[in-house]
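Descriptive analysis of the structure
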Amino acid sequence: MSEAIAPALLAPGRTAGMNWRRLVPLLLVAPLVLFMLALYALPVLAMLSRSLLEPAPTLAHYAELAGDEVFHRIFTNTLWTTLVVTAGTLVLGYPVAMGLARARTLLPLLLIIVLLPFWTSVLVRSYAWMVLLGRHGLVNEALLAMGMLDRPLRILNTPLAVHIAMVHILLPYMILPIANALRQIDPSLARAAAGLGAGPWAVFRQVTLPLSMPGVMAGILLVFVLSLGFYITPALVGGPRDMTLSMLIAQRVEQLDWAYAATLSAVLLATALVIIAIFQRAFGVGTAFRMSAR
Amino acid sequence: MTLAGRGASVALNSLEKRYEGFGAVRGVSIDIRSGEFLTLLGPSGSGKTTTLMMIAGFETPSAGDIAIDGRSVVALPAHRRNIGMVFQNYALFPHLTVAENIGFPLKQRGVAKAERARLVEEALELVRLPGYGTRQPRQLSGGQQQRVALARAIVFKPRLLLMDEPLGALDKQLRESLQLEMRRLHADLGITFIYVTHDQEEALTMSDRIAVMHEGRVAQIGPPEELYDRPENRFVAAFIGESNFLPATVRGREEGHVVAECAGSLVRATCTTNPAPGESVTLAARPERLRFVDGGWPAPPPANRLAVTVTEAVFVGERCRYVLRTGDGTSLVLKEPSSAATRRRVAGETAEVAWSVADTILV
């Protein structure tokens, strides 16, 4: 049946036809919206409601958190880890993104190198880091063999191990949006800047970097939010003092302390939302994710 | 802002650029005078843009030298050459305002903020966009953006301005008004312009001299009239304007002219070389310089004549365009200014065409 007949059958008249056209996008997203509502939003709400309704409607769980020393330490540690990992991925990822953006013939190879870890399970990569960073791991053995160490360093089960492993795992999330933003930049802009008297550093500072900011913001946001809730890696390579919010939640769930776990989850979710809101206000997440305008 | 006589002289000496065995520029030597408006004209792939990019410092020559005011700049990076440059796609910085864009080269040169603002406003006035400083580039039309790019390229008072098809993305009307504006700017600033285009009309309108580029070499260099009236080779005759090419055989010389036999008639041609009798040559003649002998010449019709048959007649408005065939089967185009008083010819009729010796070039 042709497009023109369908609206005529449903509702005769020109304006009705226009409304039908406007409905099409809504109908297209409807299955996803229903799926998300039924299988994501409702369970999350049900879980969060436990923090307020168990055993009776109360704010006691939140009040308890506010005064909990252990929670404070873990929350601070989680934020700190997130900051360090975000900064680490940014510093290491930006140059790689620049290489990726400039690559021509090498591009497929570089993309595979960047994406390869992406396709490997986080669990496998975390175990790999345990093997590498352990007391008799590759890193220690190599340093000992080169005579740079007298006895093995303790890396595994320290914050350093958590930072190294998380930076490695989250790097693609930083690299890809930045590389994408850099690729969008018209190459004649850098030429124009150089022609107008800007040296290589000035070109980077005044042209390339500002124009890549949407990608940088997208990368920071992705890595920040992802590492905020990271669980497997800190649990495997971190020490007992490196507990993060997600580990604490898992611990409470194991103890069947559902109300406390739900309260912690609410705090984690709120923190992520606040950060997204800050980004939205300051830079506009819309611009951060406006990938291909050209 | 009067800077008369402030232009740089540029000497290109056997300039070459090879890309993996392919020669994009193959030995270009041009001496560009101080304050000259020189155009590099050629089809795409002729090496004109590569030549410009080497002058700007974005490409490194494979061989040869570029000297600005007598000093070689080949070893100098682009940002230290102090050359203004305008790109085809404008290349305005999208994250900066119009004023910040124009102030960019001044900022790189450490010009103080207040002085910068003054020079930016001055440059905006020069390109007739006063008060546009606070706008974003994307809020401007293509023509306005190109004028901002122009202001940015001249605000730091370079002695040399390079332009890479700056009007290529604009529509015809805008292009014509900007062409006049460029000429005015060139006269006002007195600096040297090197302009790249594939549009021959643009080149003829604006340039002091045109270097026609073909396959990485300069096919001919000279003032517009000279290129049009006395093309030195077939490529230039065909690329600039339209030309009829007539196969002919040299019969002799006479008063500085070559006498050649063409489709059974003897014609005379201006010629710089000295071809031997019996040699096969090609004569070029512009379609608008041919006339029908009985088509109302003011004076006695000129010396070169051919009998032809009309094969096609098209009324174009301002003129009539005729395709003619000579006795030996060569096709000729004749353009006649249209007039209600002129009799229009139809396909199939025979006629005689004439044109002057000065308009007959041996190529």
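The rules behind these values
- Residues numbered from 1 in each chain as written.
- Chains lettered and ligands numbered in written order.
- Predicted model: local features only at pLDDT ≥ 70, side-chain atom pairs only at ≥ 80, totals over all residues.
- Heavy atoms only, no water.
- UniProt positions renumbered as here; feature names shortened; annotations may be inferred.
- Helix = DSSP H or I, 4+ residues; strand = E, 2+ residues; numbered from the N terminus.
- Buried < 20%, exposed > 50% of the residue type's maximum accessible area, 1.4 Å probe, protein only.
- Areas by Shrake-Rupley, 256 points an atom, 1.4 Å probe, with all protein chains shown as cover.
- Pairing = 2+ DSSP bridges.
- Axes fitted to C-alpha atoms, helices over the stretch in contact; angles between N-to-C directions.
- Contact = heavy atoms within 4.5 Å.
- Core = buried A, V, L, I, M, F, W, Y, C linked by side-chain atoms within 4.5 Å.
- Buried area = accessible area lost by both parts, 1.4 Å probe.
- Salt bridge = Lys/Arg side-chain N within 4 Å of Asp/Glu carboxyl O.
- Nonpolar A, V, L, I, M, F, W, Y, C, P; charged D, E, K, R; others polar.
- Domains from an automatic or database assignment.
- Parallel < 35°, antiparallel > 145°, perpendicular 65-115°, else oblique.
- Left-handed = near helix turned anticlockwise from the far one by under 90°.

Taking an unreviewed UniProt entry as the reference, chain B is identified by name as Spermidine/putrescine import ATP-binding protein PotA belonging to Belnapia rosea. Turning to chain B, the UniProt annotation filed under Function (unreviewed entry) states: "Part of the ABC transporter complex PotABCD involved in spermidine/putrescine import. Responsible for energy coupling to the transport system." Under the UniProt heading Sequence similarities (unreviewed entry), the entry covering chain B gives this text: "Belongs to the ABC transporter superfamily. Spermidine/putrescine importer (TC 3.A.1.11.1) family."

If you check an unreviewed UniProt entry, chain A appears there as Putative spermidine/putrescine transport system permease protein from Belnapia rosea. Here is the UniProt Sequence similarities (unreviewed entry) comment for chain A, exactly as written: "Belongs to the binding-protein-dependent transport system permease family. CysTW subfamily." Entered under Subcellular location (unreviewed entry) in the UniProt record, the comment concerning chain A runs "Cell membrane".

Topic: the overall build of chain B
On a plain count of helices and strands, chain B comes out with eight helices and 20 strands. The principal-axis extent of the C-alpha atoms belonging to chain B is close to 75 × 50 × 35 Å. Relative to its full complement of 363 residues, chain B shows a buried share of 51%. Here chain B displays about 16000 Å² of accessible surface, and carbon together with sulfur accounts for 49% of that area.

Comments concerning the sheet that holds strand 10 (residues 217-222) of chain B
Residue and element names in this part refer to chain B. If you trace the six strands from one edge of the open sheet to the other, you get 6-7-8-3-9-10, paired in mixed fashion. The sheet is open, and its two borders are formed by strand 6 (84-86) and strand 10, each paired with just one other strand. Across this sheet, the average inter-strand angle for adjacent strands is 15°, counted without regard to direction. Taken together, the four bridges between strand 3 (residues 37-41) and strand 9 (residues 209-214) define a ladder with parallel strand orientation. When the bridges of strand 9 are listed, L38 appears paired with R209. Packing against the sheet, helix 1 (residues 48-56) makes contact with strand 3, strand 6, strand 7 (160-164), strand 8 (192-197) and strand 9, and its axis sits at approximately 145° to strand 7. Here helix 4 (residues 142-154) sits on the sheet in contact with strand 6 and strand 7, set at roughly 165° to strand 6.

Overview of the nonpolar core
I102, L160, L161, L162 and I194 of chain B are the most contacted members of the largest nonpolar core, which has 132 residues in total. No other element matches helix 8 (residues 159-184) of chain A, which puts 13 residues into this core. If we skip the residues at most four places from it in the chain, L162 of chain B touches L52, I55, A56, I83, G84, M85, V86 and I194 of chain B. Formed by 26 residues, the second largest nonpolar core is a distinct cluster that contains A248, C262, A269 and L283 of chain B.

Here's the deal with the interface of chain B and chain A
Across the contact, 21 residues belong to chain B and 18 residues belong to chain A. Buried area between chain B and chain A, both sides added, is near 1600 Å², and the carbon and sulfur share of it is 65%. Summed over the shared surface of chain B and chain A, the number is one salt bridge. When residues of the side of chain B that touches chain A are traced back to their parent elements, those giving at least two are helix 2 (98-108) and helix 4 of chain B. Considering every element that reaches the side of chain B that touches chain A, the biggest residue donor is helix 2 of chain B, with four residues. Taken together, the residues of the side of chain B that touches chain A break down into 13 nonpolar, four polar and four charged.

Quick word on the domain arrangement of chain A
Split by domain assignment, chain A resolves into domain 1 (1-42) and domain 2 (54-288). A separation of 40 Å is found between the C-alpha centroids of domain 1 of chain A and domain 2 of chain A.

Here we look at the sheet that holds strand 2 (residues 22-32) of chain B
Residues and elements named next belong to chain B. If you trace the four strands from one edge of the open sheet to the other, you get 2-1-4-5, paired in antiparallel fashion. Strands with a single pairing partner mark the edges of an open sheet, and in this sheet they are strand 2 and strand 5 (71-72). Sheet analysis places strand 1 (residues 10-19) next to strand 4 (residues 63-68), joined by five bridges and oriented antiparallel. Bridged to N13 within strand 4 is D65.

Some thoughts on the pairing of strand 10 of chain B
Residues and elements named next belong to chain B. With five bridges connecting them, strand 9 and strand 10 associate as antiparallel partners. Counted as the bridge partner of H214 is R217 from strand 10. Taking the residues that link successive antiparallel strands as the turn, the strand 9-strand 10 hairpin has two residues, and the phi of E215 there is positive, at about 50°.

A short note on the packing of helix 4 (residues 69-102) of chain A against helix 8 of chain A
Residue and element names in this part refer to chain A. Where helix 4 meets helix 8, the closest approach of the two axes is 6 Å, and the angle between their N-to-C directions is 45°. Put simply, helix 4 runs oblique to helix 8. The two elements helix 4 and helix 8 meet at a crossing, and its hand is right-handed. When grouped by side-chain class, the residues that make up the contact of helix 4 with helix 8 number 22 nonpolar, six polar and one charged.

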